[in-house]
Amino acid sequence: MNPSQDSPATHRPRRGNWQLMADINRNLVVNVLRTCPVMSRADLSRATGLSGPTVSSIVADLTNRGLVEDLGQGISSGGRPPYLVRLNEKANFVIGLKLMGHAISLVITDLSATVTYAQVTALLGPAAAQHQASGSPALPRDPRSIIDAICEAVEQALCSSGVDASRIIGVGVGINGPVDATSGVCRSSPTFNWNNVPLARPISERLGYPVILENDANTLAAAEQWFGRGAGIDTFIAVAVGAGIGSGVVVNGQLYRGADGAAGEFGHVQLSDTGPLCSCGRTGCVEAWASDRAILRDVRAAVDEGTKTSLGRAEELNGLTIGLVAAAAEQGDELSRQILSQAGHYLGRGLAMLMTVINPRLLIISGEGVQAGHWRFDPMIKAIKASIFPDLNAEIIFATEPLDDARWARGAACVVLGEIFNAPTQPSLVQAKLG
Ligand SMILES: [Zn+2]
């Protein structure tokens, strides 16, 4: 509310409070416009609870900054004709990247998260990419070369897309493994063999934009919240199943990062004191039992021990992928079925714990690992039902579908948009300004 017109304030607030209230009011208007393409000023007033003069003043300011388009008078339905306005979604743009071991997927989106440009930049040659895809241990990578590659990909995208560089208001970078989004430090990356590598600051200093580094499962959750099945759902979990296992948790409409940015890392919940070695250095984690990497490891170990499988002999398993294991299971291969089922069971055990703590309305399963299909996910659902706290409301949807890399990159852009449209009372990771 504008205190001079709407508030029965009995004392004069400090200047900082006035500014914060103005920011909150403007944020209210922008967020209502974001969800409704065209609105009259009167409807905006009703939707925000702000007075007509306050809405007019904010709309005038936003119009001056190019963020709102004044569409003039609409058609009257009996009374005075409405004055229509809409958010100018092309006023600003954000860049989202998914950083993978073998490539960078990059998108540029407008303020409604609509992709206006996409590109993929290779980071590895074909032989090294095959090594990466086979689930073999990651090769160590020099952070400086990856930072250079990210910056060059952004510069190339700006050049090729024709988007005015001055209209870019932030860059989101998604990477797997735990990330401290506040400091922009990659805490641990099994893909790159990194520990505590600062990424956001060097990229920001070189490009001149605010940069948010985010765990890729959180970018997945942001994507689901902005343009996927999580839209309009207050509390949900988006699970990424692939070489690793992680999740992004949205609670009360906000991405929940936890105190150190490691919330949702249920892949490192230990299900047993003993068990297979995990990428985190411990044993018996969900990820060590249930990830794609674990499945490929178990298939190879069983074949080495002489178990018969239609997947081939040990020397033929160099190019083994989760898709091949799933196809073999579909064609009746008993070893593939057994290992997928075991992985699904442990995934379900881990998810039951996460769901018991968070009590989500919706659970979304995504990532490369969904290729394994029902041989993996039927046992997962069975294990969830057997292990979850029984009093939970079980209206949970299991949605399994493969994701393309551009969707993850778009999710990284959505993390930036989420921060920009965040209420001014919420802590923000970026100081980006619209308009
Ligand atoms: Zn672990």
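Residues numbered from 1 in each chain as written. Predicted model: local features only at pLDDT ≥ 70, side-chain atom pairs only at ≥ 80, totals over all residues. Heavy atoms only, no water.

**Focus: the sheet that holds strand S4 (residues 93-99)**
Read from one edge of the open sheet, five strands run S6-S5-S4-S7-S11, paired in mixed fashion. Strand pairing shows two members of the sheet lacking a second neighbour, strand S6 (115-122) and strand S11 (211-215), which therefore form its edges. This sheet shows a mean twist of 20 degrees between the axes of neighbouring strands, independent of strand direction. Sheet topology note: the strand S7 (residues 168-175)/S11 ladder contains five bridges and is parallel. Within S11, the residue paired with Ile 175 across the bridge is Asn 215. Running over the sheet, helix H6 (residues 143-161) touches S4, strand S5 (103-110), S6 and S7 and is turned about 40 degrees from S5. (Pairing = 2+ DSSP bridges. Helix = DSSP H or I, 4+ residues; strand = E, 2+ residues; numbered from the N terminus. Axes fitted to C-alpha atoms, helices over the stretch in contact; angles between N-to-C directions. Contact = heavy atoms within 4.5 Å.)

**What about the coordination of the zinc ion?**
Those protein atoms acting as donors to the zinc ion are His 268 (ND1), Cys 278 (SG), Cys 280 (SG) and Cys 285 (SG), and they sit at 2.1 to 2.4 Å. Relative to the metal, the four donor atoms surrounding the zinc ion lie at angles of 99 to 128 degrees, and the coordination shape comes out tetrahedral. Taken in sequence order, the residues that donate to the zinc ion follow the motif H-x9-C-x1-C-x4-C. (Donors = N, O, S within 2.8 Å, 3.2 Å for Na, K, Ca; no water. Tetrahedral: all angles 85-135°; square planar, octahedral: opposite > 155°, others 65-115°.)

**A look at helix H7 (residues 200-207)**
Among the residues of H7, Ala 200, Ile 203 and Leu 207 are the ones counted as buried. Take H7 and look down its axis: the buried residues cluster within an arc of 75 degrees, on one side only. Residues of H7 that are exposed and point over 90 degrees away from its buried face: Arg 201 and Glu 205. On the buried face of H7, the contacting elements are H6, strand S10 (194-198) and S11. (Buried < 20%, exposed > 50% of the residue type's maximum accessible area, 1.4 Å probe, protein only. Arc of directions from axis to C-beta.)

**Focus on the pairing of strand S3 (residues 83-87)**
Look at any regular strand and the pattern is simple: side chains alternate between the two faces of the sheet. For strand S1 (residues 38-40) and S3, the ladder comprises three bridges, and the chain directions are antiparallel. Among the inter-strand pairings, Val 38 is bridged to a residue of S3, identified as Arg 86. Here five bridges tie strand S2 (residues 68-73) to S3, and the two strands are oriented antiparallel to one another. Residue pairing across strands places Glu 69 opposite Arg 86, the latter belonging to S3.

**Details of the pairing of strand S9 (residues 185-189)**
Pairing between strand S8 (residues 179-180) and S9: two bridges, direction antiparallel. If you follow Val 179 over to S9, its bridge partner there is Cys 186. From the end of S8 to the start of S9, which pair antiparallel, there are four residues, and Gly 184 there has a positive phi angle of about 70 degrees. Pairing of S9 with S10 involves four bridges; the strand directions are antiparallel. Considered in S10, the bridge of Ser 189 is made with Trp 194. With antiparallel pairing between neighbouring strands as the criterion, S9 and S10 make up a hairpin whose turn holds four residues, including Asn 193 at a positive phi of roughly 65 degrees.

**Thoughts on unusual backbone geometry**
Phi at Ala 113 takes a positive value of approximately 70 degrees, unusual for a residue other than glycine. We classify Ala 113 as buried; its relative accessible area is 1%. Here Asn 359, not a glycine, exhibits a phi torsion of approximately 55 degrees, which is positive. Within the secondary structure, Asn 359 sits in the loop between helix H12 (334-358) and strand S15 (362-366).

**Examining the sheet that holds S1**
One open sheet accounts for three strands, arranged S1-S3-S2; its pairing is antiparallel. The outermost strands of the open sheet, each flanked by one partner alone, are S1 and S2. Pairwise comparison of adjacent strand axes, ignoring direction, gives a mean angle of 30 degrees for this sheet. Across the face of the sheet, helix H3 (residues 41-48) comes into contact with S1, S2 and S3 while running at roughly 90 degrees to S1.

**Quick look at the confidence of the model for the protein**
Residues at a pLDDT of 70 or more form 86% of the protein, whose mean pLDDT is 85. Low pLDDT, under 50, characterises residues 1-15; the predicted model gives this stretch 17 contacts beyond four residues in sequence or across chains. (pLDDT = per-residue confidence, 0-100.)

**A closer look at the pattern of salt bridges**
If the charged atoms of two oppositely charged side chains come close together, the side chains can form a pair. Per the stated rule, a full pass over the model turns up 17 salt bridges. For Asp 180, the salt bridge identified is with Arg 187, shortest N-O distance 3.6 Å. By relative accessible area, which is 14% here, Asp 180 ends up buried. On the basis of relative accessible area, Arg 187 is assigned to the partly exposed category, the value being 31%. What you see here is one network of salt bridges that share partners, running through Glu 69, Arg 86 and Glu 89. (Salt bridge = Lys/Arg side-chain N within 4 Å of Asp/Glu carboxyl O.)

**Regarding the packing of H12 against helix H13 (residues 374-387)**
With their axes 6 Å apart at the nearest point, H12 and H13 run at an angle of 35 degrees to one another. By crossing handedness, the relation of H12 to H13 is classed as right-handed. The residues of H13 that touch H12, namely those facing Arg 337, Leu 340, Ser 341, Gly 344, His 345, Leu 347, Gly 348, Arg 349, Leu 351, Ala 352 and Met 355, are Trp 375, Arg 376, Phe 377, Pro 379, Met 380, Ala 383, Ile 384 and Ser 387. Counted by class, the contact of H12 with H13 contains 11 nonpolar, five polar and three charged residues. (Left-handed = near helix turned anticlockwise from the far one by under 90°. Nonpolar A, V, L, I, M, F, W, Y, C, P; charged D, E, K, R; others polar.)

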